[in-house]
Amino acid sequence: WSQVVSEAERIVGYPASFMSLRCLLSDELSNIALQVRKLVGTRHPLLDTARGFVYDSRNNLQMRGLIVLLISKAAGPSTADLSFQHNMVSGIYSSQRSLAEITELIHTAFLVHRGIVNIGELKSCDGPLKDMQFGNKMAVLSGDFLLANACTSLAQLQNTKVVELISSAIGDLVQGIYYENSKSSEENCLTDNIGISTWKEQVFLSHSALLAKSCQAAMELAKHGAEIQDMAFQYGKHMSMSHKLHSDLQPFVKESSGDTTAFSLNSAPAVLHQEFLGREAWIKQIRELQEAIKAGKGVTSAIDLCRSHGNRALAALELFPASEARDALANIVYAVTRFP
């Protein structure tokens, strides 16, 4: 994965970690960073999120913006409007680079907002109550600040359709995260009767919509037609679905994973296992769920589903001309659909 990302960064011209650098180095955010230092010594999740902006060994934080740049370069300029090619740098319009930064800012804002903790569930080892409350305030304010900057930059693109696409993606994210939070707070969420079709709908909202609509918006900025816009949307959607499935599968396919490896009961293997097993048996196996999933059909089905979405993402690329950028987009799919 790291090799694929490094090659993609070479093709688009700069490291993806610089994607939202202009905003992250602003005076306002520097002040927020100073305030976040007050949380050192606590277990507030905002600290881990902040560390991830500086160093993320899995290269996942900047993936969305990088893919927007790659698909912009893969598509190239529209044959319907070649007059603006002089605005391109390394085969990418400046407006598309701005869109990539906007996408990263929106994703980062929601990562920060996810760091809000439930004060009622805190333990003494998490840190002093006043510090955890302060961390929540910082998560809300800094996330709002990033989102406001993204919306300002979005308006500066002066493209109504792009504003509509990205605004709807923000709405999808809100809806998806609201569902996640409302279910996680319920005591009976372990036995929630969710099927794989519902899982796909929820994952699209919370993980895929932003990338899919950003890829489509990048094609709109280059004045590409409806067909290539749809293919860009399909690549973004199915690539991010594959990425989520790949992440869900890690506790079950890693050879070194032990019995204590954490996993979500709303992950794809767990949901598929529940469908194959039946609801009553599923409830009885909650305490031994990880081993049961490893032995059942959920893992192999999730791998097949991951590869299916990957194949659909690759099929969407066939409309784009052959190039290094297209190869890099394909390699990203290969990286998240490969299992031991």
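The shown structure was predicted, so the numbers you read here are calculated from the model rather than taken from an experiment. (Residues numbered from 1 in each chain as written. Predicted model: local features only at pLDDT ≥ 70, side-chain atom pairs only at ≥ 80, totals over all residues. Heavy atoms only, no water.)

1. Description of the packing of helix H5 (residues 63–75) against helix H10 (residues 226–253)
Inference 1: At a minimum axis distance of 12 Å, the contact between H5 and H10 shows a crossing angle of 145°. Remark: the crossing between H5 and H10 carries right-handed chirality. Here Met63, Ile67, Ile71 and Ala75 of H5 come into contact with H10, specifically with Ile228, Ala232, Tyr235, Met239 and His243.
Inference 2: A class-by-class count of the residues in the contact of H5 with H10 yields 8 nonpolar, 1 polar and no charged. (Axes fitted to C-alpha atoms, helices over the stretch in contact; angles between N-to-C directions. Helix = DSSP H or I, 4+ residues; strand = E, 2+ residues; numbered from the N terminus. Left-handed = near helix turned anticlockwise from the far one by under 90°. Contact = heavy atoms within 4.5 Å. Nonpolar A, V, L, I, M, F, W, Y, C, P; charged D, E, K, R; others polar.)

2. Re helix H6 (residues 94–113)
Inference 1: Taking 1.5 Å as the rise per residue, H6 with 20 residues should run 28 Å; its terminal C-alpha atoms sit 29 Å apart, in good agreement.
Inference 2: Burial analysis of H6 places 15 of its 20 residues in the buried class, the great majority of the element. (Expected span 1.5 Å × (residues − 1). Buried < 20%, exposed > 50% of the residue type's maximum accessible area, 1.4 Å probe, protein only.)

3. Some words on the environment of Gly176
Inference 1: Counting through the fold element by element, Gly176 comes out in helix H8 (residues 160–184).
Inference 2: Since its relative accessible area comes to 4%, Gly176 is described here as buried.
Inference 3: Sequence separation between Gly176 and His207 is 31 residues; the distance between their C-alpha atoms is 8.2 Å.
Inference 4: Beyond its immediate chain neighbours, meaning those up to four positions away, Gly176 contacts Leu205 and Ser206.

4. Observations regarding the nonpolar core
Inference 1: Core analysis: the largest hydrophobic core is formed by 60 residues, its most contacted members being Ile67, Leu70, Ile106, Tyr235, Met239 and Phe320.
Inference 2: Among the elements that make up this core, the one with the highest residue count is H5 (9 residues).
Inference 3: With near-sequence residues (within four places) excluded, Leu70 lies in contact with Ala8, Ile11, Val12, Ala325, Ala328, Leu329 and Ile332.
Inference 4: By size, the runner-up hydrophobic cluster in this structure holds 21 residues, among which are Ile194, Val253, Ile293 and Ala302. (Core = buried A, V, L, I, M, F, W, Y, C linked by side-chain atoms within 4.5 Å.)

5. Observations concerning the confidence of the model for the protein chain
Inference 1: Chain-level statistics for the protein chain give a pLDDT mean of 79 and a share of 70% at 70 or above.
Inference 2: Note on residues 54–59: pLDDT under 50 across the span, and 6 contacts to partners over four residues away in sequence or across chains. (pLDDT = per-residue confidence, 0-100.)

6. Regarding the packing of aromatic side chains
Inference 1: Tallied over the entire structure, the rule returns 1 aromatic pair.
Inference 2: A ring pair is formed by Phe204 and Phe233, whose centres lie 6.3 Å apart and whose planes are at 55°; its orientation type is tilted. One end of the pair, Phe204, is in helix H9 (residues 196–221); the other, Phe233, is in helix H10, with 29 residues separating them in the sequence. Each member of the pair, Phe204 as well as Phe233, carries the same accessibility label: buried.
Inference 3: Sitting over the face of the ring of Phe204, Lys237 holds its NZ or CZ atom 5.7 Å from the ring centroid. (Phe/Tyr/Trp six-rings, centres within 6.5 Å; stacked < 30°, edge-to-face > 60°. Lys NZ or Arg CZ within 6 Å of the ring centre and 35° of its normal.)

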